[in-house]
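# Results of the structural survey
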Amino acid sequence: MTPIFLRKQTVITLALMGTVALSACQKPFGGDVRRADTSVNAIDGTGLSDIMLNAADPAEAVSYFSRAVGENPDRIDLRRGLAQSLIRAGQNDAAVSAWKAVVGHKEATSDDRVDYADALIRTGEWKQAEAELDSVPPTHETYKRYRLEAMIADSNQEWKNADSFYQTAAGLTTRPSGVLNNWGYSKLTRGEYKEAEKLFAQAITYDPSLFTAKNNLILARGAQGKYDLPVMEMSQTERAQLLYTLGLAAVKAGDVAIGKGLIKDAIDTHPQHFEAAVRSLRALEANVSNG
């Protein structure tokens, strides 16, 4: 045989082998076609639970874990998933019930109790949250535990304890912007404006996109009579909003003329129509005219 003929024969043989292999994998239409197993046990290996917790729509995740818990009520991991999904979906009252079921499970951990306390705080159950954290061993030292301890100390106006807890929490995470912002706000409410300013500035260095910290920084500066924007990363819209905040702070402090000027700057700076600032400026001008 010629080489060309041999090559053709080989290709035909391989093609036929592939066809036979494919047909062996297929069932005839009239055969026993088993329904795909979509139970929780079958999909555990795919990481679907993790996807539902981290990437899925919160409402979809709640539906998934509610169904999963119904099928496997003894599995604590699914109960945790339901509780976490309810928090993500903003269903805090339902989340409290879900976390209560988790901590009542024989396999519950200290982390579960901390998460239960977090859910209780979200619904305003501060005393119960404090009691729940008190039941967690002191050796359980985590960022979330100390952040919640700080918030509870704040609510009790236990400032020394709050500062200690905030400092510890900030040292237990690589992303302390949120806890530094909370600590700064605590200082702001106490009237410690200079310390608050420092903490908000620190928060922004860790997360330049954290607008809440930027706005709080302006409030702390305004309370000290500092009516200029500090050097920091900000969009044109953010700049306008911060000028407006500063203007309102000036008006509140009695520096009405300065406040009006800052609000006018905010209106001129905003890339679109700044309705809230326009209304405030009109109200100020009307008060001046009536006066």
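An account of the accompanying structure is given in this report. This one's a predicted model, so the numbers in the text were calculated from it and none came from an experiment.

So, about the side chain of glutamate 197. Topologically, glutamate 197 is positioned in helix α12 (residues 193-206). Since its relative accessible area comes to 13%, glutamate 197 is described here as buried. A distance of 3.0 Å separates polar atoms of two side chains, one belonging to glutamate 197 and the other to lysine 226. Residues in contact with glutamate 197, not counting those within four places in the same chain, are Leu217, Ala220, Arg221, Gln224 and Lys226.

Moving on, we come to the packing of aromatic side chains. Under the counting rule described, the total for this entry stands at four aromatic pairs. For the ring pair tyrosine 64 and phenylalanine 65, a centre distance of 4.8 Å and an interplane angle of 70 degrees mean the geometry is edge-to-face. Its relative accessible area of 1% is what places phenylalanine 65 among the buried residues. Between tyrosine 146 and phenylalanine 165 the ring centres are 6.0 Å apart and the planes differ by 35 degrees, which places this aromatic pair in the tilted class. Residue tyrosine 146 is located in helix α9 (residues 143-155), and its partner phenylalanine 165 is located in helix α10 (residues 159-171); the two are separated by 19 residues in the primary sequence.

What follows covers the side chain of aspartate 115. Within the secondary structure, aspartate 115 is located in helix α7 (residues 110-122). The residues contacting aspartate 115, other than those within four sequence positions of it, are Trp99 and Lys144.

What follows deals with the packing of helix α11 (residues 177-190) against α12. What describes two packed helices is the angle between their axes and the distance between those same axes. Relative orientation of the contacting elements α11 and α12 amounts to 165 degrees, with a least axis distance of 8 Å. Accordingly, the angle class assigned to the pair α11 and α12 is roughly antiparallel. For the crossing formed where α11 meets α12, the hand is left-handed. Contacts between α11 and α12 involve Ser177, Leu180, Asn181, Trp183, Gly184, Tyr185, Lys187 and Leu188 on the former and, on the latter, Tyr193, Glu195, Ala196, Leu199, Phe200, Gln202, Ala203 and Tyr206. Its residues assigned to classes, the contact of α11 with α12 shows ten nonpolar, four polar and two charged.

What counts and what doesn't
- Numbering of residues begins from 1 in every chain and follows the order in which that chain's sequence is written.
- Under the rules for a predicted model, residues below a pLDDT of 70 receive no local features and side-chain atom pairs below 80 are neither given nor counted, while totals for whole chains, interfaces and linings still include all residues.
- Note: side-chain values were computed over all heavy atoms of the structure, leaving out hydrogens and water.
- For the purposes of this entry, the term helix denotes a DSSP run of H or I that reaches at least four residues, the term strand denotes a run of E that reaches at least two, and both are numbered from the N terminus.
- Only protein chains enter the area calculation, which uses a 1.4 Å probe; residues under 20% of their type maximum are buried, those over 50% are exposed, and those in between are partly exposed.
- Polar contacts, as counted here, are pairs of nitrogen or oxygen atoms within 3.5 Å of one another; within protein the pair requires one atom able to donate a hydrogen and one able to accept it, and residues that are adjacent in sequence qualify only if both atoms are side-chain atoms.
- We call two residues contacting when some pair of their heavy atoms lies within 4.5 Å.
- A pair of aromatic rings is counted whenever rings of Phe, Tyr or Trp (Trp by its six-membered ring) have centres within 6.5 Å, and the orientation is called stacked for planes under 30 degrees apart, edge-to-face for over 60 and tilted otherwise.
- Axis definition: a line fitted to C-alpha atoms, limited for helices to the stretch in contact. Angles are taken between N-to-C directions and run from 0 to 180 degrees.
- Orientation categories follow fixed angle ranges, with anything under 35 degrees roughly parallel, anything over 145 roughly antiparallel, 65 to 115 roughly perpendicular, and all other angles oblique.
- Handedness of a crossing is defined here by the sense of rotation of the near helix relative to the far one, left-handed for an anticlockwise turn of less than a right angle and right-handed for a clockwise turn.
- Classification used: nonpolar for Ala, Val, Leu, Ile, Met, Phe, Trp, Tyr, Cys and Pro, charged for Asp, Glu, Lys and Arg, polar for all others including Gly.

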